[in-house]
Amino acid sequence: MLNNAKPLLKKLSLKTQNLKYIYEEFRIYDFGSYALNRLTPKKGYSILENIAYGLAARHRFDLYRTASPRENRPLMVFVHGGAWSHGDKKDYRFVGEAFAKEGFDVVIINYNLAPQHIFPKYIDDLSLALNYLDLHQDKLNISTENVVLMGHSAGAFNVMSAVYHPQTYDIRCKMNIKALVGLAGPYHFDYKGDPLCADAFDQEEPYQNVMPYYFVESNEIQHYLFIAENDKIVHLNNAIDFDQKLKELGNHSEMVIIPKTGHVTLMGSVSSIFSRFYRTKSEIMKVLDQVV
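Bear in mind that the values here come from a model prediction, so they are computed numbers and not experimental data.

Enquirer: Lay out the overall build of the protein in plain terms, naming residues and giving numbers.
Expert: Counting its regular elements, the protein contains eight helices and eight strands. Contacts spanning at least 24 positions in sequence make up 75% of the contacts within the protein whose residues lie at least 6 apart. In the structure as shown, the protein presents an accessible area of about 13600 Å², 52% of it carried by carbon and sulfur atoms.

Enquirer: I'd like to hear about the nonpolar core, residue by residue, with values.
Expert: Core analysis: the largest hydrophobic core is formed by 54 residues, its most contacted members being Phe61 and Phe201. Contacts of Phe61, omitting those with residues within four sequence positions, involve Leu48, Glu49, Asn50, Ile51, Tyr53, Lys89, Val107, Ile108, Ile109, Tyr132, Leu133 and Leu140. In terms of nonpolar packing, the next biggest core, distinct from the first, is built from 33 residues, Leu36, Phe94, Ile108 and Met285 among them.

Enquirer: Go over the side chain of His59 with me, naming the residues and quoting the values.
Expert: Tracing the backbone shows His59 in the loop between strand S1 (45-52) and strand S2 (60-66). Beyond its immediate sequence surroundings of up to four residues, His59 is in contact with Ile51, Ala52, Tyr53, Gly54, Asn112, Asp125 and Leu128.

Enquirer: Go over the pairing of S2, please, and point to the residues and values.
Expert: Most of S2 sits inside the fold, with six of its seven residues counted as buried. The sheet contact formed by S1 and S2 spans six bridges and is antiparallel. Across the sheet, Ile47 pairs through a bridge with Tyr64, a residue of S2. Across four bridges, the pairing between S2 and strand S4 (residues 105-109) is antiparallel. Along S4, the bridge assignment pairs Phe61 with Ile109.

Enquirer: I'd like a description of empty space enclosed by the protein, backed by residues and values.
Expert: A full pass over the atoms with the stated rule returns two cavities of 30 Å³ or more. Taken as a whole, the second largest cavity encloses approximately 70 Å³ of empty space. What lines the second largest cavity is a set of 13 residues, among which Ala184, Gly185, Phe226, Ile227 and Ala239 lie closest to the centre. With four residues, strand S7 (residues 222-228) is the largest single contributor of residues to the lining of the second largest cavity. Each residue belonging to the lining of the second largest cavity can be placed in one class, and the counts come to nine nonpolar, three polar and one charged.

Enquirer: Describe in detail the environment of Leu183, supporting the description with residues and values.
Expert: By the secondary structure assignment, Leu183 is in strand S6 (residues 177-183). Between the alpha carbons of Leu183 and Met150 there is a distance of 7.6 Å; along the sequence they are 33 residues apart. Excluding residues that lie within four positions of it along the chain, Leu183 makes contacts with Met150, Gly151, His152, Ser153, Ala156, Phe226, Leu266, Met267 and Ile284.

Enquirer: Summarise the packing of aromatic side chains; cite the residues concerned and give the values.
Expert: Overall, the coordinates contain 23 aromatic pairs when judged by the stated rule. Each ring, one from Phe61 and one from Tyr132, has its centre 5.9 Å from the other, and the planes form 65°; the classification is edge-to-face. Of the two residues, Phe61 is situated in strand S2 and Tyr132 in helix H3 (residues 121-135); the sequence distance between them amounts to 71 residues. Here Phe61 matches Tyr132 in class, with each residue buried.

Enquirer: Summarise the packing of H3 against helix H5 (residues 154-163); cite the residues concerned and give the values.
Expert: Running from N to C, H3 and H5 cross one another at 70°; their axes reach a closest spacing of 9 Å. In this view, H3 runs roughly perpendicular relative to H5, as classed from their interaxial angle. Where H3 approaches H5, its residues Tyr122, Ile123 and Leu126 are matched on the opposing element by Phe157, Asn158, Val159, Ser161 and Ala162. In terms of residue class, the contact of H3 with H5 is built from six nonpolar, two polar and no charged.

Here is what the cut-offs are and how they apply
- Residues numbered from 1 in each chain as written.
- Predicted model: local features only at pLDDT ≥ 70, side-chain atom pairs only at ≥ 80, totals over all residues.
- Heavy atoms only, no water.
- Helix = DSSP H or I, 4+ residues; strand = E, 2+ residues; numbered from the N terminus.
- Contact = heavy atoms within 4.5 Å.
- Areas by Shrake-Rupley, 256 points an atom, 1.4 Å probe, with all protein chains shown as cover.
- Core = buried A, V, L, I, M, F, W, Y, C linked by side-chain atoms within 4.5 Å.
- Buried < 20%, exposed > 50% of the residue type's maximum accessible area, 1.4 Å probe, protein only.
- Pairing = 2+ DSSP bridges.
- 1 Å grid on protein atoms, 1.4 Å probe; cavity = no way out; pocket = protein on both sides within 12 Å on 5 of 7 lines; lining within 4 Å.
- Points joined across faces, edges and corners; volume = space filled by probe spheres on them.
- Nonpolar A, V, L, I, M, F, W, Y, C, P; charged D, E, K, R; others polar.
- Phe/Tyr/Trp six-rings, centres within 6.5 Å; stacked < 30°, edge-to-face > 60°.
- Axes fitted to C-alpha atoms, helices over the stretch in contact; angles between N-to-C directions.
- Parallel < 35°, antiparallel > 145°, perpendicular 65-115°, else oblique.

Listed below in structure tokens is the structure:
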């Protein structure tokens, strides 16, 4: 009996170690994002904070409006990560600044979190936010003619799932989504019993009924899957599988590996403070220049 238990104990030990590593990464990121935001330049854009797009307390977004004078400015909607149970828009001022200075209006949303809310609630929230932006674009002085959805980790899953979902969402500006940008996203994995994100999904629902990988359809959207070279949290196969599925159906898809980054530092390296040392932001801008 003891011998039979050894493999299980070893597996549980590895899961515990991995979970400890992940939470340590989150703590480091929380501290790092606070420091990044304190140092983020405040010129070249304006901010409208805590705009309600729905009735729930977390149905709020911040709008970073670029100082660029051109009409029909591209709109980037960014969705934060955090295993669907952690994170806040206020931690991503550096993202708003980084892309507002490049001529984007940038919206960073909050959404309902696990364990109180599980899939597909956070995808419902993203759909709700996109429709609010489309309906109120004149009031907000933005345009939804050229939309880029970008997310990190769980947020990357959310932006892909808004388009590839078991039940099609009625997103008013869907035909205007030019690009989906996923940073270290989990698009094809089994969440059953996962120590980090099990609470974000119905454990009785097979992952084949949830993962965006299984609901890809042909369209004209450009897909960019960014991968951290040293990612120890999201397995590389997530991007490889998703990229292959997209291409099988004739969709555009590119995988971009960013050297010297991990799951969390991939996101932080977008900051204007660090972008000179990493390729993350320059690679994102290179691909976005092709579509907007």
